[in-house]
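So the chains spell out like this:
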Amino acid sequence: MSVPFLKVLQPGILTTIQDTGRFGYQRLGYTQSGAMDDFALRIGNRLVGNPENEAGLELTFLGEEFLFLCDAVIAVTGADFCPEINGNTIPMWQSFLVKKDSIISFRNRKYGARVYICVRGGFDVPRILNSKSTDLKSAFGGYMGRKLQSGDILSIPGVDLASDYIDKRFPEELVYNNYRWQDQPLTTRVTLGPDRANFTEEGYKTLLESEYEISEKLDRQGYQLAGPKIEHSSKGPNIITNFTSLGAVQVPGAGVPIILMKDRQTSGGYAKIANVISPDISKLAQRGMGDKISFESVDISQTRDLFIDQEKIINKTELDSVRRCFSFRVQVDDESYIVKVEEVDCR
Amino acid sequence: MEEVQYIRASDCALIVSCGEDIDEAINKKVYALLKMLEKEQIKGVVEVVPTYRDLCISYNPLEQTAGYLIEICDRLINNLDHEEESERKVVEVPVVYGGEYGPDLEYLAKLHDLTPEEVVEIHSTPEYRIYMVGFAPGFPYMGGLDERLHTPRREIPNPRVPSGSVGIGGKQTNVLTITGPSGWWYIGMTPLVFADVEKEDPTLIKPGYYIKFKPITPEEYELYTEKDTEKGEQ
């Protein structure tokens, strides 16, 4: 059974359905796709009790507006665009019940670049090549292989309002660590190589000691940076066409780095000076044009621990139960009292 | 044979480099290793992508380590069975050469002091090895183009070349699997669809296969197209 869930009133610049990505088909030329900020998507799924690889909506920058067509349990994670339901501010990183006919909108930007909306049960779209993600370039997956437009109606497999997944919250301090960076420059941790021989020592020095700015050439494929030019060795900028990994920092002939993201081509012929470590991809995904970034080298032998730490935060963090609170004014004889009533766990 | 090198591409990707050049023997070694690796069904391996000279293994560091993967690859390489390659898969690709189907055929023939017929003959004779698939779904990187047809790319790329175009650029020939800009010279067109996610095999060809071009007439081309349409309507 499929239930109409969400109608698009304002689609914003780029709203797509994304899960954690399409794997196993890169050797045939199909891109990875998937949520740019997979930390936010996975937490959103956990909050509403979905498998972490379920598909959610990825919103890019401001202006979106959606109408709920049924009651549902949802969570909003990622960038803070001051989400409101019927004009009232709603909490982020928390699951809650939304009512049919209410409208959610995103009008002001506090920080970040991409918002995720996850719904209990996930979106009812076909799984193609093992994934629900939208592949924009090859035009398949997600909702009809494209970004959402006004009037589109998205469905969910069924309505499940089980209270186990309502009012769960991801701890504030962990959100803070990953997202509340305000306007501070991002230090992106990288491993060096794989194409080390294509760069001079001076080239590496430039990469690690300069500040770069994310240019206007940024999309789900990659972020082109602006800043000091990186020197190639006599081997030059070209390599025999090879695999492209997520977060690869490739440097074409002009010397300006490009960081490859989720929609990158599956192969490329530019030398890669470094690779952003997995836990930092999500942070990068929340940066936009004009944001400053610098690179810090980490030893490859340390990266497994950093990876495991991040996975622990995503999978093992205990979710808080938000206790609902009500205040009553009680009149006893002539005295007036304020009484606060809080839900408690009776199980 | 060159020594295999291991390069950590990222915190979750290992490159097994089988050589330095674009070379059939090196590429065959990549595929022999790929086959053996797949038989092992190693836990935590997310994706294995063969390229010209490397095998790129993506893994989940929660379940797997680069060290263990290197150990396995070392063992497999020592027992590398080159007979794995014996079954040669050749995909016949029908092509209408010249005219509106291949607008650059005449120019290319003149450039190389050949007749258009000779270009077609030379181009459709070999079985081209697909060294890897990348760039776009089903896009083959092939080797084996006859030296007489080697042609530098266009100085100014053609902004829109239709999907299915069969072309030559540098020392290579290819089939464009998506419509887009290209700096290659296009001498023909195939009615075959190289990438279709609705099919069980989402691409017509796979890395390691061979392609043999077969000249057909425009009338035959139309028959293919109709057949494809019928299939789509079922």
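Undergrad: Requested: an account of unusual backbone geometry, with residues and values cited.
TA: Residue and element names in this part refer to chain A. In this chain, G193 is followed by P194 through a cis amide linkage whose omega measures 20°. With respect to the secondary-structure elements, P194 resides in the loop between β13 (186-192) and α3 (201-209). Positive phi, normally seen in glycine, also occurs at D101, with a value near 75°. Along the chain, the position of D101 falls in the loop between β8 (95-98) and β9 (103-106). On the basis of relative accessibility, which here comes to 52%, the residue D101 falls in the exposed class. Of note, the phi angle at D167 is positive, near 60°, even though the residue is not glycine. Inspection of the secondary structure assignment puts D167 in the loop between β11 (153-156) and β12 (168-169).

Undergrad: Could you give an account of the interface of chain A and chain B, naming the residues involved and the relevant values?
TA: Counting residues at the interface gives 35 residues for chain A, matched by 45 residues for chain B. For the pair chain A and chain B, the summed buried surface comes to about 3200 Å²; carbon and sulfur atoms form 61% of the total. A salt bridge links R27 of chain A to E38 of chain B, with the nearest nitrogen and oxygen atoms 2.7 Å apart. Between chain A and chain B we count 13 residue pairs in polar contact (both at pLDDT 80 or more) in total.

Undergrad: Please give an account of the domain arrangement of chain A that cites residues and values.
TA: All names here are of chain A. Assigned domains within chain A: domain 1 (3-176) and domain 2 (186-314). On a C-alpha basis, the centres of domain 1 and domain 2 stand 28 Å from each other. At the interface, 31 residues of domain 1 touch 24 residues of domain 2. Taking both partners together, domain 1 and domain 2 bury about 2100 Å²; carbon and sulfur atoms supply 48% of that area. There are 3 salt bridges connecting domain 1 and domain 2. D38 is the partner of K262 in a salt bridge, and the nearest nitrogen-oxygen pair spans 3.7 Å.

Undergrad: Please provide a residue-by-residue account of helix α2 (residues 172-179) of chain A, values included.
TA: Residues and elements named next belong to chain A. When we look at burial in α2, the residues that qualify are L174, V175, N178 and Y179. Buried residues of α2, seen end-on, are gathered within an arc of 110° and therefore sit on one face of the element. Among the exposed residues of α2, those pointing more than 90 degrees away from its buried face are E173 and N177.

What counts as what
- Residues numbered from 1 in each chain as written.
- Chains lettered and ligands numbered in written order.
- Predicted model: local features only at pLDDT ≥ 70, side-chain atom pairs only at ≥ 80, totals over all residues.
- Heavy atoms only, no water.
- Helix = DSSP H or I, 4+ residues; strand = E, 2+ residues; numbered from the N terminus.
- Buried < 20%, exposed > 50% of the residue type's maximum accessible area, 1.4 Å probe, protein only.
- Contact = heavy atoms within 4.5 Å.
- Buried area = accessible area lost by both parts, 1.4 Å probe.
- Salt bridge = Lys/Arg side-chain N within 4 Å of Asp/Glu carboxyl O.
- Polar contact = N/O pair within 3.5 Å; in protein donor to acceptor, adjacent residues only side chain to side chain.
- Domains from an automatic or database assignment.
- Arc of directions from axis to C-beta.

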